[in-house]
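Spelled out from the first residue to the last, the chains are:
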Amino acid sequence: MGPDPFRSSDERAETPLTAAIMAGRWIRTAAVDDESGRRWRANPDPHGRAATPGGPASLHSASLHAASLHSGAAGIVLFFLELAAGTGHDAYLEDARAGARYLASTWRRQADASLHHGLAGVVLALTEAGWALGEERFESAALAAADRIVRSARGFDDGGIGWSGDVTLRGDGGVVLGLLRAAAALGVPAYEEMAVEAGRRIARLTAPRERPTECPALPAEAAPPGFLAGTAGTAFLLAHLYGATGEEAFLDAARRGAALVRAAGVLTGESAAVTDHLGYCSGSAGIARMFYELYRVSGDGGDLEWAKRLARGVRESGAPFRQTAGLWNVACQCCGTAGLIELYVGLWAATGEQEHLEFARRLADHLIGRATGYDGRGYRWYQAYRRHRPGEASADTGYLTGAAGIGAALLHLDAAGQADRPRRVILLPDNPFPPIPMPAVALRRPAG
């Protein structure tokens, strides 16, 4: 797999970039190569347990998650593509290429169409790999997989179409986002047409129903206003569809959802909180994305102010520098500190307000400081991903749950502020912030 081009294994990383490199080193130790390509074990620690949904992983469950954006090869391919861009070292492209080969060889095994756990996430990774590596075979596989998603849509009794019937981002909402991204990246209008039609069904429904969260780390009461499995994420999707189509029905439905979220919020001075959780999946970091997306597509400054209020609420909570009910012993993108870094880098890129970037750097310092790397194998983060089992710690390789997503967040922070060499970063379809982490005014300013 090639040597790391940077520091020796006994040196402690001091910057977001070197920490991301060390995360990549550890992820490499989890690689499994076969005739299909390369996948990565979700949890290479023999004493740990993978942070994947559904309890102990059976062989069948492990196989399903091996390709996913959430905790498998799709997310890790994205990380290695970004690591190559951030370091300029092509060795990481070979990691991404081997993982993309696995995805191209195995996507037909996927019955789940969803973004985070299924085929839509695989399409995203193959599309990005095809673009970055210049290999048509990956783009062809992405097209074939996206075609499968379109063909697998089914009708419902209410006259609409979809896949699972779950309107949240964990279900059909995520598929819609994936198809919209694929339509733009692959140049296939039929994908957008299918996405919009499925979105119209979601918009016709009343406010998203309260339902137990599918994020295993969280109790059911945290779910209804949340992002991945709740109202905020569905409102984000509808606002995004309004931005893509200009159809007022989407904006109206998004506003209904946002009103429900606001009604659940607690204002304290200039800060706000909606749930006791601070993370991306069901708390402030995710809910702020919904308000920023509404601002992006409608220009209403009140929505941007709500995103900032939520960000202030996180800062005022004291997390992650002290553990709270809203941010316990967890580091990952889904529920932890890495997801907060994405929020603050994004807000800085959107507004140019320095306080957001400064706090993102403080978060990164804390995150790097809690990494484990004593054995020279690279950096990983042991965490109690399941909040209701706080004594059960694991270190995982995946994007939403482990080192790949933590490394990606650190790379996004590393890219921020480099006006002399701005670079595109790979943001997931549910991230509404600018894809170049740089305020527009900085891009217009002459370097030096």
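Values in this document were obtained by computation on a predicted structure and should not be read as measured data.

### With respect to the overall build of the protein chain
Across its full length, the protein chain holds 16 helices and six strands. Taking all 448 residues of the protein chain together, 61% fall into the buried category. Pairs at least 24 residues apart make up 66% of the contacts formed inside the protein chain by residues separated by at least 6 positions. Summed over its atoms, the accessible surface of the protein chain is roughly 16400 Å², and 51% of this surface lies on carbon and sulfur atoms.

### Let's talk about the packing of helix 8 (residues 189–204) against helix 9 (residues 231–245)
For the pair helix 8 and helix 9, the least separation of the axes is 10 Å and the interaxial angle reads 130°. Relative to helix 9, helix 8 is oriented oblique. For the pair helix 8 and helix 9, the sense of crossing is left-handed. For the pair formed by helix 8 and helix 9, the contact residues are Glu192, Ala195, Val196, Gly199, Ile202 and Ala203 on the first element and Thr234, Leu237, Leu238, Leu241, Ala244 and Thr245 on the second. Of the residues that constitute the contact of helix 8 with helix 9, the class distribution is eight nonpolar, three polar and one charged.

### Points about the pairing of strand 2 (residues 37–40)
Of the strand pairs in this sheet, strand 1 (residues 31–34) and strand 2 are connected by four bridges, and their pairing is antiparallel. Residue aspartate 34 lies in a different strand from strand 2, and its bridge partner there is glycine 37.

### A look at helix 15 (residues 403–415)
Compared with the 18 Å implied by 1.5 Å per residue over 13 residues, the 18 Å span of helix 15 between its first and last C-alpha is a close match. Taken across its 13 residues, helix 15 has 13 buried, putting it largely inside the fold.

### Quick look at the side chain of aspartate 172
Residue placement: aspartate 172 occurs in helix 7 (residues 172–186). The buried charged residue aspartate 172 lacks any salt bridge partner; its closest oppositely charged side chain belongs to arginine 201, at an N-O distance of 4.6 Å. Reaching out from aspartate 172, the side chain makes a polar contact with the backbone nitrogen of glycine 165 at a distance of 3.2 Å. Leaving out residues up to four positions away in the same chain, aspartate 172 has contacts with Phe156, Gly162, Trp163, Ser164, Gly165 and Asp166.

### Concerning helix 14 (residues 354–369)
Counted at 1.5 Å a residue, the expected span for helix 14 with its 16 residues is 22 Å, and the 23 Å between its end C-alpha atoms agrees. Within the sequence span of helix 14, burial applies to His356, Leu357, Phe359, Ala360, Leu363, Ala364, Leu367 and Ile368.

### A closer look at the environment of cysteine 332
In this structure, cysteine 332 sits in the loop between helix 12 (301–317) and helix 13 (337–351). The class of cysteine 332 is buried, set by a relative accessible area of 0%. For the pair cysteine 332 and glycine 407, spaced 75 residues apart in the sequence, the C-alpha separation amounts to 9.6 Å. Residues within four places of cysteine 332 in sequence aside, it is in contact with Thr337, Ala338, Gly339, Gln383, Tyr385, Leu400, Thr401, Gly402 and Ile406.

### Some remarks on the pattern of salt bridges
All chains considered together, the criterion is met by 22 salt bridges. Here glutamate 128 and arginine 424 are joined by a salt bridge, their closest N and O atoms 3.0 Å apart. Highlighted residues: glutamate 128 in helix 5 (residues 119–133) and arginine 424 in the loop between helix 15 and helix 16 (440–444), separated in sequence by 296 residues. For arginine 424, a relative accessible area of 42% gives the class partly exposed.

### Describing the confidence of the model for the protein chain
Of all residues in the protein chain, 87% have pLDDT values of 70 or greater, and the mean over the chain is 89. Note on residues 53–61: pLDDT is under 50 here. Beyond four places in sequence and across chains, it has seven contacts. Within the model, the stretch residues 207–223 combines pLDDT values under 50 with 44 contacts to residues more than four positions away or in other chains.

### Quick look at the packing of aromatic side chains
Following the criterion strictly, the structure yields eleven aromatic pairs and no others. For the ring pair phenylalanine 291 and tryptophan 306, a centre distance of 5.1 Å and an interplane angle of 25° mean the geometry is stacked. Linking phenylalanine 291 in helix 11 (residues 284–298) with tryptophan 306 in helix 12, this pair joins segments that are 15 residues apart in sequence. Accessibility expressed as a relative area gives 10% for tryptophan 306, which makes it buried. A connected cluster of aromatic rings, assembled from ring pairs, spans Trp40, Phe79, Phe80 and Tyr92. Over the ring of phenylalanine 321 we find arginine 362, and its NZ or CZ is 4.4 Å from the ring centre. In this structure, arginine 380 packs its charged tip against the face of tyrosine 374, placed 5.7 Å from the ring centre.

### Some remarks on unusual backbone geometry
That bond from alanine 319 to proline 320 is cis: its omega, 0°, falls within 30 degrees of zero. Along the polypeptide, proline 320 turns up in the loop between helix 12 and helix 13.

Parameters and conventions
Residues numbered from 1 in each chain as written. Predicted model: local features only at pLDDT ≥ 70, side-chain atom pairs only at ≥ 80, totals over all residues. Heavy atoms only, no water. Helix = DSSP H or I, 4+ residues; strand = E, 2+ residues; numbered from the N terminus. Buried < 20%, exposed > 50% of the residue type's maximum accessible area, 1.4 Å probe, protein only. Contact = heavy atoms within 4.5 Å. Areas by Shrake-Rupley, 256 points an atom, 1.4 Å probe, with all protein chains shown as cover. Axes fitted to C-alpha atoms, helices over the stretch in contact; angles between N-to-C directions. Parallel < 35°, antiparallel > 145°, perpendicular 65-115°, else oblique. Left-handed = near helix turned anticlockwise from the far one by under 90°. Nonpolar A, V, L, I, M, F, W, Y, C, P; charged D, E, K, R; others polar. Pairing = 2+ DSSP bridges. Expected span 1.5 Å × (residues − 1). Lys, Arg positive; Asp, Glu negative; His and termini not counted. Salt bridge = Lys/Arg side-chain N within 4 Å of Asp/Glu carboxyl O. Polar contact = N/O pair within 3.5 Å; in protein donor to acceptor, adjacent residues only side chain to side chain. pLDDT = per-residue confidence, 0-100. Phe/Tyr/Trp six-rings, centres within 6.5 Å; stacked < 30°, edge-to-face > 60°. Lys NZ or Arg CZ within 6 Å of the ring centre and 35° of its normal.

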